[in-house]
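Coordinate inspection notes
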Amino acid sequence: MIEIIIHGRGGEGAKTAAFMLAEAAILEGLYAQAFPEYGPERSGAPVRAFVRISDKPIYTHSPITNPDIVVVINPTLIDRKENYDGLKDKGVVILNTDKPINLGFDEWILDATRISLDTLGRPITNIPMMGALIRATSIVKPESFEEVIKTHLAGKGEETVHKNIEAFKRSIQEVKHV
Amino acid sequence: MKQKRIGLTGAHAAALAMKQINPDVVAAYPITPQTPIMERFAEYVANGKVDTELIRVESEHSAMSACIGSSAAGARTMTATSANGLALMTEIVYIAPSYRLPIVMNLVNRALSGPINIHCDHSDAMLVRDSGWVMLFSENAQEVYDNNFIALRTAEDSRVLLPVMINQDGFITSHSLETLEVGEDKEMHEFVGEYNPRYSLLDTDNPHTLGPLDLYDYYFEHKRQQAEAMMHADRVIREYMKQYSELVNRPIDVVEPYRLDDAEFVYVAMNSTAGTLRVVVDMLRDKGVRAGLLKIRLYRPFPWRDVKSLLGDKHKIVVLDRALSPGATGGALYQDVRSSLYGLSTPIVAGYVYGLGGREFTEEQGLRIYEELRDLDDNEPFQRFMGVRE
């Protein structure tokens, strides 16, 4: 079982990213669980979302404390040391930044803010950061996640779907292994 | 039957089941403490996916009152609520079973205030424990979905005619996406079938009286009949669980044992904690401890014969309650399990209250319970706490 914690700020889509990743895994026949931090809605405050993916049914309902992967979708949060508490020894970190911070983990970086501004015109980094995660870990196939983008954003029109898929694909190409 | 595996939150799983049931009437109060169940169901109504008359009322008290009116008129009726919403409707919650109305309600279990809290525990369900509703609990989104179909058939069966409540853990289940298998709308609706009410106030050719003053002359007899209907529910719900289980090809029963056969140390729990305890049992088994779990899925009527036959020969049993019964001899589930085993000489039955107001329950806590109790040798009804700072 792979356990993931996504750090972002309230309103940025950390929870949506977690749900989309879980749905992509379920599309592939895997089992998945995704849940937000059950706090009050706090726009702009640091929030977390959690994902479990496994090839077997998932029974636990406890919070994730020792993740395999940590994703930080907001660049102002990457220096918070507590984000990486409990991360496993060979854990992976995926950061929204253009400069490595060398935390001693298997580190991947992507300037997701720039990509989202270029493609979507707004700094909505959750889908680009899932592109980086999928490139770094191969946890699901990119095509599965693209399917989920299409169903999630179907109500927002073809152009929005197209732009988000473009942002997702660019992120897969541009993410760097430190 | 063809099924597909999808990801849904517990709340959306309940809404999907309601859509497939396509009830005649749903009455609900549309703001806090309502949950995404009603939000999603209202979308189905707005998009024409169901024919349901959705009545938006001015309070939870009115929600259950409207449900009672529509069910008495012979309409298939459902609703959903949570926490203090249930508390406000409690006066009317007691009316539904006394009129023998087969209403089905999804309850998202959240703490009753105060202090003010919106997170998971079972104090809301335990508030109405003795109201006369059949009560099902759900480990995950799959069980929420499945329980809805089983609940409706049981409620409407003429041997029962009682309302049924389907519980799921607030946030932990209601707001978490999980993997579940769902059937096609048509086939799932076929399982519940069309509703032909045995009594309807609109059936003027067969008039009947409902809800008159019922004093010391007949009140007791009517309450006795409610008790009898609850006993029938114990048998009838097993029939529908079996029938549904064959339809979906998943084992479903009123209780679910896990690694219980040779177990010496047994956890008993309801709702999402049962899932976490499976993992705890596996961890203890890996260390050579003969641990097991009994999940209670049907809470009212309480399946005491199953508990007695499955746990009667065990060495040590620990019952986990997610609601506080101050001053009682332990939590409500603890009392039920302990009295089911009364008179049997062997088991030590210990109780813990845990997870109040959304305090998380972890595998580590499950293991600590074993450590705390491994050497316990008295059988006093002492209320223990797990996960609290003191």
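Before any of the text, the structure's been laid out above.
The paragraphs below set out a description of the structure included in this document.

Here is what the cut-offs are and how they apply
- Residues numbered from 1 in each chain as written.
- Chains lettered and ligands numbered in written order.
- Predicted model: local features only at pLDDT ≥ 70, side-chain atom pairs only at ≥ 80, totals over all residues.
- Heavy atoms only, no water.
- Helix = DSSP H or I, 4+ residues; strand = E, 2+ residues; numbered from the N terminus.
- Rg over C-alpha atoms; globule rule 2.2 N^0.38 Å.
- Contact = heavy atoms within 4.5 Å.
- Lys, Arg positive; Asp, Glu negative; His and termini not counted.
- Charge placed at Lys NZ, Arg CZ, Asp CG, Glu CD.
- 1 Å grid on protein atoms, 1.4 Å probe; cavity = no way out; pocket = protein on both sides within 12 Å on 5 of 7 lines; lining within 4 Å.
- Points joined across faces, edges and corners; volume = space filled by probe spheres on them.
- Nonpolar A, V, L, I, M, F, W, Y, C, P; charged D, E, K, R; others polar.
- Phe/Tyr/Trp six-rings, centres within 6.5 Å; stacked < 30°, edge-to-face > 60°.
- Buried < 20%, exposed > 50% of the residue type's maximum accessible area, 1.4 Å probe, protein only.
- Lys NZ or Arg CZ within 6 Å of the ring centre and 35° of its normal.
- Polar contact = N/O pair within 3.5 Å; in protein donor to acceptor, adjacent residues only side chain to side chain.
- Arc of directions from axis to C-beta.
- Buried area = accessible area lost by both parts, 1.4 Å probe.
- Pairing = 2+ DSSP bridges.
- Patch = residues over 30% accessible without salt bridge, like charges linked within 9 Å, V, L, I, M, F, W, Y side chains within 5 Å.
- Areas by Shrake-Rupley, 256 points an atom, 1.4 Å probe, with all protein chains shown as cover.
- Salt bridge = Lys/Arg side-chain N within 4 Å of Asp/Glu carboxyl O.

What to know about the overall build of chain B
Along the backbone of chain B there are 13 helices and 15 strands. For 390 residues, the compact-globule estimate of 2.2 N^0.38 gives 21 Å, and the C-alpha radius of gyration of chain B, at 21 Å, lies within 12% of that figure. Once the C-alpha set of chain B is aligned to its principal axes, its extents read approximately 65 × 50 × 45 Å. Put simply, of all contacts in chain B between residues at least 6 apart along the chain, 81% involve residues at least 24 apart. The average position of the 40 basic charges and that of the 54 acidic charges among the side chains of chain B differ by 3 Å.

Some points on the layout of surface pockets
All names here are of chain B. Its volume calculated, the second largest pocket comes out at about 760 Å³. Lining the second largest pocket are 29 residues, and of these Ser98, Tyr99, Arg100, Leu210 and Gly211 lie nearest its centre. Sorting the residues of the lining of the second largest pocket by element identifies α3 (60-72), α5 (95-98) and α9 (219-248) as the ones contributing at least two each. Taken together, the residues of the lining of the second largest pocket sort by class into 15 nonpolar, nine polar and five charged.

Some details on the packing of aromatic side chains
Residue and element names in this part refer to chain A. In this structure the tally under the stated criterion is 11 aromatic pairs over all chains. Seen in terms of ring centroids, phenylalanine 35 and phenylalanine 50 are 5.0 Å apart; in terms of plane orientation they differ by 20°. Their pairing is stacked. Taken as a pair, phenylalanine 35 in strand β2 (residues 31-36) and phenylalanine 50 in strand β3 (residues 46-54) lie far apart in primary sequence, 15 residues in all. Here phenylalanine 50 falls in the buried class, since its relative accessible area comes to 4%. The cationic tip of lysine 15 hangs over the ring face of phenylalanine 19; the distance from NZ or CZ to the ring centre is 5.0 Å.

Some words on the side chain of Thr77(B)
All names here are of chain B. In this fold, threonine 77 is placed in strand β4 (residues 77-82). Among the polar contacts listed, one links the side chain of threonine 77 to the backbone nitrogen of serine 71, at a separation of 3.5 Å. If near-sequence neighbours (up to four positions away) are discounted, threonine 77 is found in contact with Val25, Cys67, Ser70, Ser71, Pro102, Ile103 and Val104.

Here's the deal with the environment of Ser131(B)
Residues and elements named next belong to chain B. Relative to the assigned elements, serine 131 resides in the loop between α6 (123-127) and β6 (134-137). Residue serine 131 is classed as buried on the basis of its relative accessible area, which comes to 1%. For the pair serine 131 and tyrosine 94, spaced 37 residues apart in sequence, the C-alpha separation works out to 4.9 Å. In this structure, serine 131 is in contact with Val93, Tyr94, Pro97 and Gln226, ignoring residues within four places of it in sequence. Side-chain polar atoms of serine 131 contact the backbone oxygen of valine 128, separated by 2.7 Å.

Describing helix α8 (residues 185-192) of chain B
Residue and element names in this part refer to chain B. Regarding α8, the residues found buried are Met188, His189, Phe191 and Val192. Taken end-on, α8 shows its buried residues confined to a sector of 150°, consistent with a single buried face. Looking at the buried side of α8, the elements it contacts are α1 (10-21), α7 (141-156), β8 (177-183) and α9. Count one or two residues on from α8 and you reach glycine 193, which has phi positive near 70°.

Comments concerning the interface of chain B and chain A
Across the boundary between the two partners, chain B contributes 23 residues, which contact 18 residues of chain A. Here chain B meets chain A over a buried area of about 1700 Å², counting both sides, of which 59% is carbon and sulfur. Of all residues in chain B, Arg5(B), Leu177(B) and Thr179(B) bury the most surface against chain A, accounting for 35% of the area lost on that side. Our count for the contact surface shared by chain B and chain A stands at nine residue pairs in polar contact (both at pLDDT 80 or more). Secondary structure elements with two or more residues in the side of chain B that touches chain A: β1 (3-9), β8 and α10 (273-286) of chain B. Partitioned by chemical class, the residues of the side of chain B that touches chain A number six nonpolar, 11 polar and six charged. Examined bridge by bridge, β2(A) and β8(B) share two bridges and lie antiparallel to one another.

Side note on a negative patch on the surface
All names here are of chain B. A contiguous patch of negative charge, built from Asp375, Asp377, Asp378 and Glu380, is present on the exposed surface. Relative to the assigned elements, aspartate 375 resides in the loop between α13 (363-373) and β15 (383-386). Note on aspartate 375: relative accessible area 66%, which makes it exposed.

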